[in-house]
Amino acid sequence: MMNVLVTGGAGFIGSHTCVELLECGYQIVVMDNFVNSTAAAVDAIKKITGKEFPFYECDMLDLENFEKIFQENKIDAVIHFAGLKAVGESVTKPWLYYHNNLVSTLNLIALMEKYGVKKLIFSSSATVYGAKNPIPYREDMETGGTTNPYGSTKFMIEQILKDECVPHPDWSVILLRYFNPIGAHPSGLIGEDPNGIPNNLMPYITRVAAGKLPCLSVYGDDYPTHDGTGVRDYIHVCDLASGHVKALEKTETMQGADVYNLGTGCGSSVLDVVHAFEEASGVKVTYKIAPRRAGDLAEYYADATKAKKELGWEAKYNLLDMCRDSWNFTKKRMEQEAAGK
Ligand code: NAD
Ligand code: UD1
């Protein structure tokens, strides 16, 4: 079985993917600099799976330290999650985003080349489709026209990785374009708990439901959608995790770079999510209609057929499952806080 290096493995999607990899029998080596996560996630992965693995607290920008991982472990494939991801912050700190996301990836490519690692899976985003494509988004549509530095790093890294496959024809690189990941592991031991006031919808809803924020602002109810609020393709983070394992299997039989959407193919509006959350949790979510948020699109969701056909993967959790697991994780967190942990 392959030994897989997981960069950013203590983060939201990385930690769920580590669990899935271990449960599928892969060996893993995990690294993270904890800029947006903590060691508790690493312990939780071990607790959920009952398995051990090497963990390195390491910054990918620190090439010398990063190289130690390759010196001390025989790596067969890399899943590269590490990166900064706050869209708003990327607008105020573009250098930080370009430097962190691009240099970390360039360092990784240099080490893969030096140590003969030929398989890579990269976390891209539906944001690379820009604003002008018709929905649903299909992998062969034109990308670019990103509207913030975060999105531009994803677009640029996709191009860099495709270019690297030209002089390295025996490399297998899969770019996964995630839609909107929410939910949490059913154990409630790992999930998403951003610092400060959340920007994204589900963490905001759970804070309101937990009584930590008074009211959700619904950004616009005059979009041309079924109820006027913005529509997205929400996907359970555990489905996303299993998509990575399927992509890893695919790297065994393909060469060059290929792209897959990881989405459900279904669009849900902000109010659909609020109502599903209320149904799944039994808790009322206070909300008010607010002005549109700059940069938001009315509606987008994935065409999920390519991943189904070529990876044999499709999402199996629905919106109620996602809401139930997000709430379960939040409740567990609150219990821990109350217990002073
Ligand atoms: P996350 O912030 O929870 O995880 C990213 C991890 O990378 C964090 O643990 C962070 O500490 C680590 N990291 C950042 N820079 C690093 C560096 N220089 N060296 C080592 N570790 C570093 O984010 P996530 O939601 O799990 O996202 C994972 C990946 O998926 C990111 O690349 C993100 O851009 C991408 N993505 C996320 C979403 C989403 O909505 N969550 C959507 C599309 C794409
Ligand atoms: C955003 C990013 C995307 C990134 C993703 C996950 C933009 C344009 N896109 O997607 O690149 O990959 O986050 O990090 O920023 N909403 C509210 N009230 C809130 C929060 C959100 O009504 O308090 C609405 C939004 O207007 C949107 C939907 O909920 O219609 C989802 O928003 P969000 O969770 O922030 O994700 P995206 O904007 O789709």
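The coordinates are above.
## Section: the overall build of the protein chain
Piece 1. When helices and strands are tallied, the protein chain shows 11 helices and 13 strands.
Piece 2. Since a compact globule built from 341 residues should have a radius of gyration of about 20 Å, the 19 Å found for the protein chain is in line with a globular shape.
Piece 3. Dimensions of the protein chain along its principal axes, counting C-alpha atoms only, are 55 × 50 × 40 Å.
Piece 4. Counting over 341 residues, the protein chain shows a buried share of 54%.
Piece 5. When the accessible surface of the protein chain is totalled, it reaches about 14,800 Å², and 51% of it is carbon and sulfur.

## Some points on the packing of helix α7 (residues 201–209) against helix α9 (residues 270–281)
Piece 1. Between α7 and α9, whose axes approach to 11 Å, the crossing angle comes to 40 degrees. Judged by the inter-axis angle, α7 sits oblique to α9. Crossing of α7 over α9 shows right-handed handedness. In this structure, α7 contributes Leu201, Met202, Ile205, Thr206 and Ala209 to the contact, and α9 contributes Val270, Val273, Val274 and Phe277.
Piece 2. The residue inventory of the contact of α7 with α9, partitioned by class, reads 8 nonpolar, 1 polar and no charged.

## Observations concerning the site of ligand 2
Piece 1. Neighbouring ligand 2 are 21 residues, the closest being Leu201, Ser217, Arg232, Arg293 and Asp296.
Piece 2. The separation between an oxygen atom of ligand 2 and a polar side-chain atom of Arg232 is 2.6 Å.
Piece 3. Of all the elements in the fold, those that place two or more residues in the shell around ligand 2 are α7 and β8 (216–219).
Piece 4. Counting residues per element, the shell around ligand 2 draws most heavily on β8, at 4 residues.
Piece 5. Considered class by class, the residues forming the shell around ligand 2 number 10 nonpolar, 8 polar and 3 charged.

## Considerations on the pattern of salt bridges
Piece 1. Within this structure, the stated rule accounts for 19 salt bridges.
Piece 2. In this structure, Asp193 and Arg207 form a salt bridge, with 3.3 Å as the shortest nitrogen-oxygen distance. Taken as a pair, Asp193 in the loop between β7 (180–182) and α7 and Arg207 in helix α7 lie far apart in primary sequence, 14 residues in all.
Piece 3. Asp193 sits in the partly exposed class, given a relative accessible area of 37%.
Piece 4. On the accessibility criterion, Arg207 (15% relative accessible area) is buried.
Piece 5. If you follow the salt bridges from partner to partner, you end up with Asp193, Arg207 and Arg333 in one network.

## Side note on unusual backbone geometry
Piece 1. Residue Pro136 is bonded to the preceding Ile135 through a cis peptide linkage, with omega at 0 degrees.
Piece 2. If you trace the backbone, Pro136 turns up in the loop between β5 (119–125) and α6 (149–164).

## What about the packing of aromatic side chains?
Piece 1. Using the criterion set out here, one finds 8 aromatic pairs in the structure.
Piece 2. On the basis of an interplanar angle of 35 degrees and a centroid distance of 5.7 Å, the ring pair of Phe70 and Tyr115 is categorised as tilted. Within this pair, whereas Phe70 is found in helix α3 (residues 63–72), its partner Tyr115 is found in helix α5 (residues 94–115), the two being separated by 45 residues in sequence.
Piece 3. Classification of Phe70 as buried rests on a relative accessible area of 4%.
Piece 4. Judged by its relative accessible area of 28%, Tyr115 is partly exposed.
Piece 5. By way of ring pairs, the aromatic residues Tyr129, Tyr137, Phe179 and Tyr300 are connected into one cluster.
Piece 6. We note Lys46 situated over the ring of Phe53; from NZ or CZ to the ring centre the distance is 5.1 Å.
Piece 7. The cationic tip of Arg292 hangs over the ring face of Tyr223; the distance from NZ or CZ to the ring centre is 4.0 Å.

## Concerning α9
Piece 1. Counted at 1.5 Å a residue, the expected span for α9 with its 12 residues is 16 Å, and the 16 Å between its end C-alpha atoms agrees.
Piece 2. Turning to α9, its buried residues are Val270, Leu271, Val273, Val274, Ala276, Phe277, Glu278 and Ser281.
Piece 3. On the buried face of α9, the contacting elements are α7, β8, β10 (234–236), β12 (268–269), β13 (287–290) and α11 (319–338).
Piece 4. Just downstream of α9, Gly282 is the residue with a positive phi angle, here 75 degrees.

## So, the state of the cysteines
Piece 1. Under the counting rule described, the total for this entry stands at 0 disulfides.
Piece 2. Free of any disulfide, Cys24 has its nearest neighbouring cysteine sulfur in Cys238, separated by 12 Å.

## Considerations on the environment of Gly267
Piece 1. Positionally, Gly267 belongs in the loop between β11 (256–262) and β12.
Piece 2. When the C-alpha atoms of Gly267 and Gly282 are compared, they prove to be 23 Å apart, with 15 residues separating the residues in sequence.

## Here we look at the site of ligand 1
Piece 1. What surrounds ligand 1 is a group of 26 residues, the closest being Ile13, Asp32, Asn36, Ser37 and Lys85.
Piece 2. At 2.7 Å from an oxygen atom of ligand 1 is found a side-chain nitrogen or oxygen belonging to Asn36.
Piece 3. Side-chain polar atom of Tyr150 to an oxygen atom of ligand 1: 3.0 Å apart, as the coordinates give it.
Piece 4. In isolation ligand 1 offers 820 Å² of accessible surface; the protein chains occlude 95% of this area.
Piece 5. Where the shell around ligand 1 is concerned, the elements lending two or more residues are α1 (12–23), β5 and α6.
Piece 6. At 3 residues, β5 tops the list of elements feeding residues into the shell around ligand 1.
Piece 7. Looking at the shell around ligand 1 residue by residue, the classes come out as 12 nonpolar, 10 polar and 4 charged.

Definitions and limits used
- Residues numbered from 1 in each chain as written.
- Chains lettered and ligands numbered in written order.
- Predicted model: local features only at pLDDT ≥ 70, side-chain atom pairs only at ≥ 80, totals over all residues.
- Heavy atoms only, no water.
- Helix = DSSP H or I, 4+ residues; strand = E, 2+ residues; numbered from the N terminus.
- Rg over C-alpha atoms; globule rule 2.2 N^0.38 Å.
- Buried < 20%, exposed > 50% of the residue type's maximum accessible area, 1.4 Å probe, protein only.
- Areas by Shrake-Rupley, 256 points an atom, 1.4 Å probe, with all protein chains shown as cover.
- Axes fitted to C-alpha atoms, helices over the stretch in contact; angles between N-to-C directions.
- Parallel < 35°, antiparallel > 145°, perpendicular 65-115°, else oblique.
- Left-handed = near helix turned anticlockwise from the far one by under 90°.
- Contact = heavy atoms within 4.5 Å.
- Nonpolar A, V, L, I, M, F, W, Y, C, P; charged D, E, K, R; others polar.
- Near = heavy atom within 4 Å.
- Polar contact = N/O pair within 3.5 Å; in protein donor to acceptor, adjacent residues only side chain to side chain.
- Salt bridge = Lys/Arg side-chain N within 4 Å of Asp/Glu carboxyl O.
- Phe/Tyr/Trp six-rings, centres within 6.5 Å; stacked < 30°, edge-to-face > 60°.
- Lys NZ or Arg CZ within 6 Å of the ring centre and 35° of its normal.
- Expected span 1.5 Å × (residues − 1).
- Disulfide = S-S within 2.5 Å.

That's the geometry; what it means functionally is another story.
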